[in-house]
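# Tertiary structure, described
Chain by chain, the residues:
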Amino acid sequence: MKNVPVEKETDPASSFEGTAANPQWGGRFASGPAAIMSEINASIGFDKILWRQDIRGSLAHAAMLQKVGLLTATELAEIRQGLGDIAQEIGEGRFEFSPALEDIHMNIEARLSERIGEAGKRLHTARSRNDQVATDFRLWVRDAIDGLQEQTASLMRALATRALEHHATPMPGFTHLQVAQPVTFGHHLLAYVEMLSRDRGRLRDARARLNECPLGSAALAGTSFPIDRAMTAAALDFDRPTANSLDAVSDRDFALEFLSALSLQAMHLSRLAEEIVMWASAPFGFVTLSDAFTTGSSIMPQKRNPDAAELVRAKIGRIMGNFVGLLTVMKGLPLAYAKDTQEDKEPVFDATEAMTLSLAAMDGMIRDLKPNTDRMREVAGMGFSTATDLADWLVRELRVPFRTAHHVTGRLVGLAEQKGCDLADLSLAEMQAVEPGITAGIFDVLTVESSLASRTSFGGTAPSNVQQQAQAWLNKLGETT
């Protein structure tokens, strides 16, 4: 964290609550904190990002206080006007954030009291910074999820669009990074659509679980004021108020669940990024990325480096690290609130920024890349990739058990390997020497195209399947986003 200058007692905020010693703590403390205490205690350097959520929460709280008789209509109007003016100041970059006031909540409240006087000081009735920050943070994470959901849907559309375009384009399917069986490029891309769909589901589930409102839980025990928590929850679009004040102010499992979901999504993006890196390399030569998503070398003029993909691949490290870091912070905390939880926001903010960048970069790369279809078709036929089709033919046409067919096919692969040719290049007589029942019909299943066309089982790589699935995804995404 960068060094934060410690404000002197001439700071305008020092008049807040009538004490220059510490404007947050009121009359309990007679002298100010040590400089290092001010620096380690202040969170305004990073939590000022919550200003929209803080103002929104305060507006809902003020409206509720007026309804239950704890504010007058005039005071509510003054608070609304004051918070609106503060929002404009912050939005225009004219607001002076004070580290002496620690966080976004006290900065806004102090400025409000400075602008409108006593009415501003009444706003904090029946709430604490503990429930205030828990509410603001839930609102921020909820907003972040909504934004990432839209970005994820956009990437899914990009993948499904390219999959439809290449529903019949052959490419090698790998296991153990060895050529295994032919698949289509569209089928490969749709695999990531499925992964991203589950990622969206996890974010959706996390959003549903966090959508309870802590406001009104106060410091830890609730409040003696006759507040209407259901009103504030509804005003902030929460499903309900939280049911236990201790849990509401102290747990951050909603942030951890969010980071967990982001870690899984980052893992999926990292896998796709790794494949793009490989596909763009000379030994593969499957795709080309334009200048928009590559960089050059300072010494080798021929290089086109897939840096965007490499950086997306790396983001899993910091996102997962943020998850583990916050999990470690939370693991030993007794109820209820502890200052340790101030460390909850930076990991979430950082992970969200990393995921936002990763999704944008991957979306751009998928739309940008140009497949080398001839090269992919060539490699799709390498490594005896239609051997399983030969074995399946033996089972289907000669009614031999699959294990027997597997053995026969293995012997034929060995023969082709000795001769330095493909299975389709063996003569019928050579094949019949291994299995007399083989007929000329065997050659109909030994091409890449016939192999692809035969994989018609649900979820298989047959071009007709891929075309249907890609279009179904595009229809679904168009309806739901």
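Residues numbered from 1 in each chain as written. Predicted model: local features only at pLDDT ≥ 70, side-chain atom pairs only at ≥ 80, totals over all residues. Heavy atoms only, no water.

As a further point, take helix α16 (residues 402–419). In this model α16 runs 25 Å from its N-terminal to its C-terminal C-alpha over 18 residues, within 8% of the 26 Å that 1.5 Å per residue would give. By the burial criterion, the buried members of α16 are Ala405, Val408, Thr409, Leu412, Val413 and Ala416. Angular distribution of buried residues about the axis of α16 spans 145°; they occupy a single face of the element. Away from its buried face, by an angle of more than 90 degrees, α16 presents the exposed residues Arg403, His407, Glu417 and Gln418. Elements in contact with the buried residues of α16: α15 (387–398) and α17 (428–434). (Helix = DSSP H or I, 4+ residues; strand = E, 2+ residues; numbered from the N terminus. Expected span 1.5 Å × (residues − 1). Buried < 20%, exposed > 50% of the residue type's maximum accessible area, 1.4 Å probe, protein only. Arc of directions from axis to C-beta. Contact = heavy atoms within 4.5 Å.)

The next point concerns the confidence of the model for the protein chain. Confidence in the prediction for the protein chain averages 91 pLDDT; 92% of positions are at 70 or higher. Predicted confidence is poor over residues 1–22, with pLDDT under 50, and the contacts of this stretch with residues over four places away or in other chains come to 34 contacts. (pLDDT = per-residue confidence, 0-100.)

Next up on the list: the side chain of serine 358. Mapped onto the secondary structure, serine 358 falls in helix α13 (residues 345–368). Contact partners of serine 358, with chain neighbours within four places excluded, come to Leu269, Val312 and Lys315.

The next subject is the pattern of salt bridges. Inspection of every chain in the model, using the stated rule, returns 28 salt bridges. Residue aspartate 146 is joined to arginine 207 by a salt bridge in which the shortest nitrogen-to-oxygen separation is 2.7 Å. Of this pair, aspartate 146 sits in helix α7 (residues 129–165) while arginine 207 sits in helix α8 (residues 185–210); the two residues are 61 residues apart in sequence, bridging distant segments of the chain. Across the pair aspartate 344 and arginine 252 runs a salt bridge whose closest N-O atoms are separated by 2.6 Å. (Salt bridge = Lys/Arg side-chain N within 4 Å of Asp/Glu carboxyl O.)

Where helix α3 (residues 51–67) meets helix α5 (residues 104–116), the closest approach of the two axes is 10 Å, and the angle between their N-to-C directions is 55°. On the basis of the axis angle, α3 is oblique to α5. The handedness of the crossing between α3 and α5 comes out as right-handed. Residues Trp51, Asp54 and Ile55 of α3 pack against Ile104, His105 and Ile108 of α5. Considering only residue class, the contact of α3 with α5 consists of 4 nonpolar, 1 polar and 1 charged. (Axes fitted to C-alpha atoms, helices over the stretch in contact; angles between N-to-C directions. Parallel < 35°, antiparallel > 145°, perpendicular 65-115°, else oblique. Left-handed = near helix turned anticlockwise from the far one by under 90°. Nonpolar A, V, L, I, M, F, W, Y, C, P; charged D, E, K, R; others polar.)

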